[in-house]
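Structural overview
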Amino acid sequence: MSLLLTGGMGYIGSHTVVELLSRDQDVVIFDNLANASEAVLTRIEQITSRKPHFVKGDICSREDLEQVFSNFNIEAVIHFAGLKAVGESTEIPLSYYHNNVSGSVNLFEVMAKHHCKRLVFSSSATVYGEHNQSPLVETMPTSATNPYGQTKLMIEHILQDLAKSDPQWSIVNLRYFNPIGAHQSGLIGENPKGIPNNLLPYVAQVAVGRLAQLSVFGDDYDTPDGTGVRDYIHVVDLAKGHVKALNKLTDLPGCHAINLGTGNGTSVLEIVETFKAASGKDIPYQIVPRRAGDIATVFAEASKAKELLNWQTELDLSAMIADTWRWQSMNPNGYE
Ligand code: NAD
Ligand code: UFG
């Protein structure tokens, strides 16, 4: 029996592949390489001394999905595949709805046809919208402020309906907070195409000399130092959360939303200071106006994951930043 990881070549997927292979699981990666490099496979092999199966395929293609389900005996799926850039989603919304929502419906249909009804889905803290007060709890009302967030919310709703319609499904929607960091080996990490949208890859590229300076989006928020506060979580802790969720699926029918975060908030300026200390590099920055759509403070109530999955984070902010820096300094141009 194998586990299928759609989007398994990407940032979070590749770290989860490593955790699964090191627990002797059989893994099939299914990825169209829209936002990933094939070099990831060699790196995974270097870390684990094992080679996952890799199928180049698209969740939007029924044929690609049928083929992988016919060729492998898939017992469960972790569904990472998706487009994830918030800004881009406002420019090309149809591509996001097609890729993320239609692609996911395809996947769920093919899973059902092959009697594979265990699923872990990559959702996001973005489904809490802008009106809830942190700490964010799974029972809070959900909403979305951009097409990317809408796709996550729609898929969560589709999965709730699916689980209601057929009690054989076991589904966990993992709501990630802000994944950062990299594998301790420095061999795999986040490799954004073009100018990074997210804080950590941006800061890392300033430190390594690829970018001149960071723009800090606003210092007039109602937070201790005026800059935005987020719940950063080490990608290896996040990957381990997927292993725990997979194991739980065997005795957890229905559809469940679970936060994966630390429960702590860190400001932009605290990130900059911690990065400076870890890297020994200067991080020049300037304060610029707020970025549209950002909110002041986002952090998780993390107790449900602890109670239900027996999972909690183990790696602190200094480990997150040290590992980001190791990855960036060992691979100044990512996988290229
Ligand atoms: P990523 O872009 O590194 O990985 C996604 C992978 O999916 C890529 O390898 C890409 O090539 C693949 N892919 C995209 N469309 C595909 C398709 N149609 N068919 C097959 N493969 C396809 O992103 P990530 O950071 O690893 O995120 C993984 C998942 O977690 C995404 O669904 C993302 O929305 C979600 N998520 C990410 C974050 C974050 O900050 N990184 C936060 C919350 C949720
Ligand atoms: N920031 C800067 N400068 C930058 C980039 C970010 O000051 O160049 C600030 C932002 O204003 C925010 C913080 O750094 O206060 C974190 O920003 P990110 O873009 O790294 O992360 P977000 O919290 O905005 O977004 C993340 C994911 C989204 C997801 C969202 C909600 O990237 O996919 O969390 O869960 F939708």
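What comes next concerns the included structure. Going along each chain's sequence as written, the residues are numbered from 1 onward. Going through the entries in the order they are written, you letter the chains from A and number the ligands from 1. Confidence filtering applies because this is a predicted model: local features only for residues at pLDDT of at least 70, side-chain atom pairs given and counted only at 80 or more, and all residues used for totals across whole chains, interfaces and linings. Side-chain measures were taken over the full set of non-hydrogen atoms in the model, leaving aside hydrogen atoms and water.

Their axes nearest at 8 Å, the elements helix α1 (residues 11-21) and helix α8 (residues 235-249) cross at an angle of 60°. Taken together, α1 and α8 sit at an angle that is classed as oblique. Handedness of the α1/α8 crossing: right-handed. Contacts between α1 and α8 involve Tyr 11, Ile 12, His 15, Thr 16, Glu 19 and Leu 20 from the former and Val 235, Val 236, Leu 238, Ala 239, Lys 240, His 242, Val 243 and Leu 246 from the latter. The residue classification treats Ala, Val, Leu, Ile, Met, Phe, Trp, Tyr, Cys and Pro as nonpolar and Asp, Glu, Lys and Arg as charged. All others, Gly included, are polar. In the contact of α1 with α8, the residues fall into nine nonpolar, three polar and two charged. For every element, the axis is a line fit to its C-alpha atoms; helices are fit only across the contacting stretch, and the angle between N-to-C directions ranges from 0 to 180 degrees. Helical segments are the DSSP runs of H or I of at least four residues, strand segments are the runs of E of at least two, and each set is numbered from the N terminus. Angles are sorted into four bins: roughly parallel if under 35 degrees, roughly antiparallel if over 145, roughly perpendicular if 65 to 115, and oblique for all others. Note: crossing handedness is left-handed where the near helix turns anticlockwise from the far helix by less than a right angle, and right-handed where it turns clockwise. Note on contacts: a residue pair is in contact if any heavy atoms of the two residues lie within 4.5 Å.

We call a residue near a molecule or strand whenever a single non-hydrogen atom of that residue lies within 4 Å of it. Taken together, 26 residues lie near ligand 1, and Asp 31, Asn 35, Phe 80, Asn 99 and Tyr 148 sit nearest. A distance of 2.8 Å separates an oxygen atom of ligand 1 from a polar atom in the backbone of Ile 12. The fraction of the free accessible surface of ligand 1 (820 Å²) that becomes covered by protein chains is 95%. Listing elements by their share of the shell around ligand 1, those giving two or more residues are α1, β5 (118-124) and α6 (147-165). Sorting elements by how many residues they give to the shell around ligand 1 places β5 first, with three residues. Looking at the shell around ligand 1 residue by residue, the classes come out as 12 nonpolar, 10 polar and four charged. Throughout this description, a polar contact denotes any pair of N or O atoms lying within 3.5 Å of each other; where both atoms belong to protein, one of them has to be capable of donating a hydrogen while the other can accept it, and for residues adjacent in sequence the pair is counted only when both atoms sit in side chains. Note on areas: these come from Shrake-Rupley sampling with a 1.4 Å probe, and a residue is covered only by the protein chains present in the view.

Structurally, Lys 117 can be placed in the loop between α5 (93-113) and β5. Throughout this description, buried means an accessible area under 20% of the type-specific maximum (1.4 Å probe, protein chains only), exposed means over 50%, and partly exposed covers the range between. Classification of Lys 117 as buried rests on a relative accessible area of 15%. Sequence separation between Lys 117 and Ala 76 is 41 residues; the distance between their C-alpha atoms is 6.9 Å. For Lys 117, the residues in contact, after removing those within four places along its chain, are Ala 112, Asp 166, Gln 168, Trp 169 and Ser 170. At 2.7 Å, the side chain of Lys 117 forms a polar contact with the side chain of Asp 166.

Turning next to the site of ligand 2. Neighbouring ligand 2 are 18 residues; Asn 198, Ser 215, Arg 230, Arg 291 and Asp 294 lie closest to it. Ser 215 has a polar backbone atom sitting 2.8 Å from a nitrogen atom of ligand 2. Contacts to ligand 2 include Arg 291, whose side-chain N or O atom sits 2.8 Å from an oxygen atom. Against a free-state accessible area of 690 Å², the protein chains account for coverage of 87% of ligand 2. Considering each element in turn, the shell around ligand 2 owes the most residues, four residues, to strand β8 (residues 214-217). Classifying every residue of the shell around ligand 2 by side-chain character gives eight nonpolar, seven polar and three charged.

To continue, consider the packing of aromatic side chains. A pair of aromatic rings is counted whenever rings of Phe, Tyr or Trp (Trp by its six-membered ring) have centres within 6.5 Å, and the orientation is called stacked for planes under 30 degrees apart, edge-to-face for over 60 and tilted otherwise. Throughout the structure, instances matching the rule amount to three aromatic pairs. Aromatic side chains Phe 275 and Trp 325 sit 5.9 Å apart centroid to centroid with 80° between the ring planes, which places their arrangement in the edge-to-face category. Taken as a pair, Phe 275 in helix α9 (residues 268-279) and Trp 325 in helix α11 (residues 317-330) lie far apart in primary sequence, 50 residues in all. Neither residue differs from the other here; Phe 275 and Trp 325 are each classed as buried. Taken together, a centroid distance of 5.0 Å and an interplanar angle of 55° make the contact between Trp 327 and Tyr 335 tilted. Like Trp 327, the residue Tyr 335 is buried in the burial classification. A ring is scored as having a charge over it whenever the NZ atom of a lysine or the CZ atom of an arginine sits within 6 Å of its centre and within 35 degrees of its normal. We note Arg 290 situated over the ring of Tyr 221; from NZ or CZ to the ring centre the distance is 4.0 Å.

For the rest of this paragraph, the subject is the sheet that holds strand β2 (residues 27-31). Two strands make a pair as long as DSSP finds a minimum of two bridges between them. The seven strands lie next to each other as β3-β2-β1-β4-β5-β6-β11, forming an open sheet whose pairing is parallel. Each end of this open sheet is capped by a strand with a single partner; those strands are β3 (53-56) and β11 (254-260). On average, each strand axis in the sheet is inclined to that of its neighbour by 20°, with strand direction left out of account. Inspection of the sheet shows strand β6 (residues 170-176) paired to β11 by seven bridges, in the parallel sense. The residue bridging Tyr 176 from the neighbouring strand is Leu 260, located in β11.

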